[in-house]
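# Structure assessment
As a plain string of letters, each chain reads:
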Amino acid sequence: MADENVEMWEKLGIDIEKHNALLNRLGPAYQEIFLSRENRPEGMGFYDFVVGDIHGIRVKELRAHAAKGGKVVATYCVFVPEEIVWAAGGIPVGLCAGAQFSIPMAEPILSRNTCALIKSSLGFKLGLVCPYVQASHLIVGETTCDGKKKMFEILNEYHPVYVMEVPNKKSERSQELWLGEVRAFKDVIEDLTGNKITADSLAEAIDSVNARRRALQRLYNLRKASPAPISGRDALLVTQVSFYDDVKRNTQMINALCDELDERVASGQGIAPEGTARILVSGCPQAIPNWKLHQVIESAGAVVVGEETCTGTRFFSELVPSVDSNLDKQIEAVANRYMNIHCACFTPNEERLDDIVRLARECKVDGIIHYNLQFCHTYATEAAQVEKRLEKEGLPLLRIETDYSDEDTGQIKNRVEAFLEMVKP
Ligand code: BJ8
């Protein structure tokens, strides 16, 4: 571990001992889940490199930005419009909240019966183990679920937090409310950064974020090939890293990876032989370093070819349409794009069911695994509708409810293996 990293973490107020323990757990897990596997695309080398120094290189860039007076804005949800932050000269970073490690640090405050993502988020701040949290000037939360909404009040006692109100319905009145929220967010970010957003700066930000979305769409389209050219674990990692890497560099790296995958597809080279069971994962987000379900599915001999999640298609399937260089119109276009995210926080949310069916057909899957974080009531309840719809469509479904711990891994493995036995081609 580079001394300069340690010095930087100390300056950020990181608890070095606990942080060492966190990194010491991450290394062997990464080795087992990613590095030990053969036939990975060479383009994954970039991702191995950034994860190998996960709290170093990028944090250094954020610190350099802050040293010049720039601001860092941390987020937890794909509803927060990152274009607004980029357009004001800030840097948005999606916080991970996918580690079991930080959960005990939040449990003295939060009920044990709280979703792992919420506990992990608060634990990272309370335990002083995340340099991204520490390097951020503002954390932006949202009202997508009750647990997060109330957790942000507690988090606000330790770190500056601003909360956006996400409506629960997709009616015209809700769209108005959301447009008002996006406008208010613009004001907050302009105040924070001291920079006015202009039509030009917003147009540039929209272009950059759209380019990354297109690159991720390209990656997803390549995964539709049979045999699949890349494992689900690697593809998931690419999306997870996109949440905190620089948007332009990230776009380049995804496109370089896709160039390589184009060749694999053209020559029929797959990550697993043709005839391997193909699985779509749908449900709660899998924030880095949460690779548990993908690891189980792929170790059981299947390949994950898509994710209908916020660390999957919900993150990039919609672009912001180009509109005239008029700031008001652009803000409206941004707001509309984000209202089109089919999160289970909406009622009704028929569009998500349509998405799952469409993706299952497009990706030619043999089955769908619904991924639910324990105590996430919106996704757990919506799973009943997913089940009904998939039954009607003749698509096999397995529902998994879990957390970040390893306690139930063996049991999940048995259930996944039995499911694969049933659906394999
Ligand atoms: S847009 S899915 S990222 S809210 S924290 S709702 S798992 S109980 S994360 Fe999400 Fe935005 Fe929706 Fe996507 Fe459930 Fe846990 Fe709440 Fe969660």
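That block above? That's the structure.
Keep in mind the model is a prediction, meaning the values are calculated, not measured.

Once that is clear, we can look at the overall build of the chain. Across its full length, the chain carries 19 helices and eight strands. Rg of the C-alpha trace for the chain: 21 Å, near the compact-globule value of 22 Å for 425 residues, within the 12% margin. On the principal axes, the C-alpha backbone points of the chain span a range of 60 × 50 × 45 Å. Counting only residues that meet the buried cut, the chain has 57% of its 425 residues in that class. Entry remark: accessible area of the chain is about 17,300 Å², with carbon and sulfur atoms responsible for 49%.

Quick look at the pairing of strand β4 (residues 161-164) now. Here strand β3 (residues 138-142) runs beside β4; their pairing, made up of four bridges, is parallel. Counted as the bridge partner of Glu142 is Met164 from β4. Handedness of the crossover joining β3 and β4 through helix α9 (residues 146-155): right-handed.

Sheet architecture is open: four strands sit in the order β6-β5-β7-β8, paired in parallel fashion. Of all the strands in the sheet, just β6 (303-308) and β8 (397-402) have a single pairing partner and so form its edges. For this sheet, the mean angle separating the axes of adjacent strands, direction not counted, is 25°. As paired strands, strand β5 (residues 278-283) and strand β7 (residues 367-373) are joined by five bridges and run parallel to one another. Across the sheet, residue Gly283 finds its bridge partner in β7, namely Tyr371. Those strands touched by helix α19 (residues 409-423) are β5, β7 and β8, and its axis lies near 175° from that of β8.

A few words now on helix α18 (residues 377-393). Every α-helix winds through 3.6 residues per turn, so residues three or four apart in the chain are directed the same way. When the terminal C-alpha atoms of α18 are compared, their 25 Å separation across 17 residues agrees well with the 24 Å that a helix rising 1.5 Å per residue should span. Where α18 bends most, the angle comes to about 25°, and this point is Ala383. Looking at α18, one finds that the buried residues are Tyr379, Glu382, Ala383, Val386, Arg389 and Leu390. Where α18 is buried, its residues meet β5, α15 (313-316), α17 (350-362), β7 and β8. Phi turns positive one or two residues past the end of α18, at Gly394, with a value near 75°.

Scanning the model with the defined rule gives 39 salt bridges in all. For Glu4, the salt bridge is made with Lys60, and the minimal N-O distance between the two is 3.4 Å. One end of the pair, Glu4, is in helix α1 (residues 3-11); the other, Lys60, is in helix α4 (residues 57-67), with 56 residues separating them in the sequence. Across the salt bridge formed by Glu61 and Arg58, the nearest N and O atoms sit 2.5 Å from each other.

Moving on, we get to the pairing of β3. In terms of burial, β3 is a largely internal element, five of the five residues being buried. Judged from the three bridges that link them, strand β1 (residues 72-75) and β3 form a sheet pairing that is parallel. Paired with Thr75 across the two strands is Val140, which belongs to β3.

On to the nonpolar core. If you look at the biggest cluster of nonpolar residues, it comprises 127 residues, and the most contacted ones within it are Phe79 and Leu237. Listed in part, the 16 residues of the second largest apolar core include Ile271, Val303, Val305 and Val386.

Enumeration over the complete set of coordinates arrives at eleven aromatic pairs. Aromatic side chains Tyr30 and Phe34 sit 4.6 Å apart centroid to centroid with 25° between the ring planes, which places their arrangement in the stacked category. Of the two residues, Tyr30 and Phe34 are both situated in helix α2 (residues 16-35); the distance of four residues between them amounts to about one turn of the helix. For the residue pair Tyr30 and Phe34, the accessibility class agrees, reading buried in each case. Three or more aromatic residues joined by ring pairs form one cluster here, namely Tyr30, Phe34 and Trp291. A cation sits over an aromatic face here: Lys170 above Phe346, 4.6 Å from the ring centre. Cation over ring: Arg223 sits above Tyr220, and NZ or CZ is 4.7 Å from the ring centre.

Let's shift gears to the packing of helix α3 (residues 44-52) against helix α13 (residues 247-266). Interhelical geometry of α3 versus α13 gives an angle of 140° and a closest axis separation of 9 Å. Considering their axes alone, α3 and α13 lie oblique with respect to each other. For the pair α3 and α13, the contacting residues are Met44, Phe46 and Tyr47 in the first and Arg249, Asn250, Met253, Ile254 and Leu257 in the second. For the contact of α3 with α13, the per-class residue count stands at six nonpolar, one polar and one charged.

In this section: the environment of Ala205. Structurally, Ala205 can be placed in helix α11 (residues 199-222). In the structure, Ala205 is positioned 185 residues away from Asn20 in sequence and 36 Å away in space, judged by C-alpha atoms.

Rules behind the numbers
- Residue numbering note: each chain is counted from 1, following its sequence as written.
- Residue-level local features of this predicted model are given only where pLDDT is at least 70; pairs of side-chain atoms are given and counted only at 80 or more, and the full residue set underlies all totals for whole chains, interfaces and linings.
- Excluded from the side-chain calculations are hydrogens and water; all other atoms, namely the structure's heavy atoms, are used.
- Starting at the N terminus, helices and strands are each numbered in turn, a helix being any DSSP run of H or I of at least four residues and a strand any DSSP run of E of at least two.
- Only C-alpha atoms enter the radius of gyration; for comparison, a globular chain is expected to reach 2.2 Å times N to the power 0.38, where N is the number of residues.
- Burial classification: accessible surface area is computed with a 1.4 Å probe over protein chains only, and a residue below 20% of its type maximum counts as buried, one above 50% as exposed, and the rest as partly exposed.
- Each accessible area is a Shrake-Rupley result for a 1.4 Å probe, and residues are judged covered by the shown protein chains and nothing else.
- Strands pair, by our definition, only if DSSP identifies at least two bridges between them.
- Place the viewer so that the strands point away; then a crossover is right-handed whenever the path from the first strand over the helix to the second strand goes clockwise.
- Each axis is a line fitted through C-alpha atoms, taken for helices only over the stretch in contact, and angles between the N-to-C directions span 0 to 180 degrees.
- Two residues qualify as a contact provided that any one of their heavy atoms is within 4.5 Å of a heavy atom in the partner residue.
- In this analysis, the expected span of each helix is defined as 1.5 Å times one less than the number of residues it contains.
- Note on bend: the value at a residue is the angle between axes fitted to the seven residues ending there and to the seven starting there.
- Each reported salt bridge corresponds to a side-chain nitrogen of Lys or Arg within 4 Å of a carboxyl oxygen of Asp or Glu.
- To define a nonpolar core, start from buried Ala, Val, Leu, Ile, Met, Phe, Trp, Tyr and Cys residues and group those joined through side-chain atoms within 4.5 Å.
- In this scheme Phe, Tyr and Trp rings, the latter by its six-membered ring, pair at centre separations within 6.5 Å, and the angle between planes marks the pair as stacked below 30 degrees, edge-to-face above 60, and tilted otherwise.
- Any Lys NZ or Arg CZ that is within 6 Å of a ring centre and within 35 degrees of that ring's normal is treated as a charge sitting over the ring.
- Every angle not falling under 35 degrees, over 145, or within 65 to 115 is termed oblique; those three ranges are roughly parallel, roughly antiparallel and roughly perpendicular.
- Each residue gets one of three labels, nonpolar for Ala, Val, Leu, Ile, Met, Phe, Trp, Tyr, Cys and Pro, charged for Asp, Glu, Lys and Arg, and polar for the others, Gly among them.

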